[in-house]
Amino acid sequence: DTGVSQDPRHKITKRGQNVTFRCDPISEHNRLYWYRQTLGQGPEFLTYFQNEAQLEKSRLLSDRFSAERPKGSFSTLEIQRTEQGDSAMYLCASSPQRAGNTIYFGEGSWLTVV
Amino acid sequence: AQSVTQLGSHVSVSEGALVLLRCNYSSSVPPYLFWYVQYPNQGLQLLLKYTSAATLVKGINGFEAEFKKSETSFHLTKPSAHMSDAAEYFCAVSGASGNTPLVFGKGTRLSVIA
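Keep in mind that this is a model prediction, so the values were computed, not measured.

Calculation rules
- Residues numbered from 1 in each chain as written.
- Chains lettered and ligands numbered in written order.
- Predicted model: local features only at pLDDT ≥ 70, side-chain atom pairs only at ≥ 80, totals over all residues.
- Heavy atoms only, no water.
- Core = buried A, V, L, I, M, F, W, Y, C linked by side-chain atoms within 4.5 Å.
- Buried < 20%, exposed > 50% of the residue type's maximum accessible area, 1.4 Å probe, protein only.
- Helix = DSSP H or I, 4+ residues; strand = E, 2+ residues; numbered from the N terminus.
- Contact = heavy atoms within 4.5 Å.
- Polar contact = N/O pair within 3.5 Å; in protein donor to acceptor, adjacent residues only side chain to side chain.
- Pairing = 2+ DSSP bridges.
- Axes fitted to C-alpha atoms, helices over the stretch in contact; angles between N-to-C directions.

Q: Even after reading the chapter, I still don't get the nonpolar core, so can you show me in this structure?
A: Considering soluble globular proteins, one finds that nonpolar side chains tend to be buried as a cluster. In terms of nonpolar packing, the biggest core is built from 26 residues, with Trp35(B), Leu47(B), Leu48(B), Phe74(B), Leu76(B) and Tyr89(B) touching the most fellow members. Of all the secondary-structure elements, those providing two or more residues to this core are strand 2 (10–14), strand 3 (19–27), strand 4 (31–38), strand 5 (44–50), strand 7 (64–68), strand 8 (73–78), strand 9 (87–95) and strand 11 (108–113) of chain B. Setting aside chain neighbours within four positions, we find Leu76(B) in contact with Val19(B), Leu20(B), Leu21(B), Trp35(B), Leu47(B), Leu48(B), Phe63(B), Glu64(B), Ala65(B) and Tyr89(B). Listed in part, the 19 residues of the second largest apolar core include Ile26(A), Leu61(A), Phe65(A) and Leu77(A).

Q: Sorry if this is basic, but what is going on with the side chain of Arg69(A) here?
A: Residue and element names in this part refer to chain A. In this structure, Arg69 sits in the loop between strand 7 (65–68) and strand 8 (75–79). Within the structure, Arg69 has its side chain in polar contact with the backbone oxygen of His29 (distance 3.3 Å). From its side chain, Arg69 meets the backbone oxygen of Ser73 in a polar contact 2.8 Å long. Once you skip the residues sitting within four places of it in the chain, Arg69 turns out to touch Pro25, His29, Asn30, Arg31, Leu32, Phe49, Gln50, Asn51, Glu52, Phe74 and Ser75.

Q: Looking at this structure, I do not really get the sheet that holds strand 1 (residues 2–7) of chain B. What am I missing?
A: Strand pairing in a sheet takes place through backbone hydrogen bonds and is either antiparallel or parallel in direction. Residue and element names in this part refer to chain B. Strand order in the open sheet formed by five strands is 1-3-8-7-6, with antiparallel pairing between adjacent strands. Looking along the sheet, the strands with just one partner apiece sit at the ends: strand 1 and strand 6 (56–58). Pairs of neighbouring strands in the sheet enclose a mean axial angle of 20°, with direction left out of account. As defined by bridge partners, strand 7 adjoins strand 8 across five bridges and the pair is classed as antiparallel. Among the inter-strand pairings, Glu66 is bridged to a residue of strand 8, identified as His75.

Listed below in structure tokens is the structure:
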């Protein structure tokens, strides 16, 4: 399978705990995106990388959220001190750099904070 | 800045009937426009995209969309609905420079009645 891979697919955590999600993009894609989606809503942009550089962060990305892409390949999204409002699906996507290229999404990582 | 508005959070059609899902966009730069489909508990799959070539764009599964600059619209259509078309559909926009991430609408849930 050469698509975008996310792990874990489901995570249940207690409020206040830290969680980390991993994303492996399509290998030749140098752009990697994180989105958040809550029930009944469209995906909301969080941040994106071009290679290892984090080029843009949304205001939605509070200081409890941090994303890295250390070697320009896989990426991690960490949420510290989780809150119930963090419950959502976290979607990773990747694309080539050129404008208009299709962004390919992974299956998503569901987070439930109890 | 870019944004999209999807008119109608839920559309219901009979099997074999025309599907019309509406999307209007706002963009300060020439836009690239996309339609994605999401099945339950899955990521997003690209249906079709407009990147300034032909204004009538054909996609997968018999869907097509027409870019109308004068109306700032990019409505999605399919002549004959199939039960397997039942899903959530998202319209998205990005700037043609390629340096802005996709901005999604809130989505339209399509139900197909036998």
